[in-house]
Amino acid sequence: VQLQASGGGLVQAGGSLRLSCATSGNTFGGYGIGWFRQTPGKERDFVAAISWSGDFTYYADSVKGRFTISRDNAKDMVYLQMNSLKPEDTGVYYCAADPDAPYYPGSNYYDYDYWGQGTQVTVSS
């Protein structure tokens, strides 16, 4: 599975961005997708995850009510709509695939086998 994240940029606090993750490759059997973010010197923090069907979604407490993850399997795309952005949301955002968890993907980055290249999100105060 190959993934490519895009849509990052510079935005003021309170603004919105939508990240996209294009997926390709062997998707037989389905896979869960997660979004993670990383700042310098820190591990990748979980942001949100979605099941293969899209029926199950899971969010970090810090983004609940502000971020929405969704997917369009017909287009092989996963999205992360980010509203009411805060400076602490700044970081490099990665999308990742877990082929072992198509129904209930988790929040541990080490469970995800395939990663995109990341897209920078900067929220100014």
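Draft legend 1. Focus on the pattern of salt bridges. Per the stated rule, a full pass over the model turns up three salt bridges. Residue Arg 37 pairs with Asp 89 through a salt bridge whose shortest N-O separation is 2.9 Å. Here Arg 37 is found in strand S4 (residues 32–38), whereas its partner Asp 89 is found in the loop between strand S8 (77–82) and strand S9 (91–98), with 52 residues between them in sequence. Each member of the pair Arg 37 and Asp 89 is classed as buried. With a closest N to O distance of 3.1 Å, Lys 64 and Asp 61 form a salt bridge. Among the residues examined, Asp 61 registers a relative accessible area of 65% and is labelled exposed. Salt bridges linked by common partners bring Arg 37, Arg 66 and Asp 89 together as one network.

Thresholds applied
Residues numbered from 1 in each chain as written. Predicted model: local features only at pLDDT ≥ 70, side-chain atom pairs only at ≥ 80, totals over all residues. Heavy atoms only, no water. Salt bridge = Lys/Arg side-chain N within 4 Å of Asp/Glu carboxyl O. Helix = DSSP H or I, 4+ residues; strand = E, 2+ residues; numbered from the N terminus. Buried < 20%, exposed > 50% of the residue type's maximum accessible area, 1.4 Å probe, protein only.

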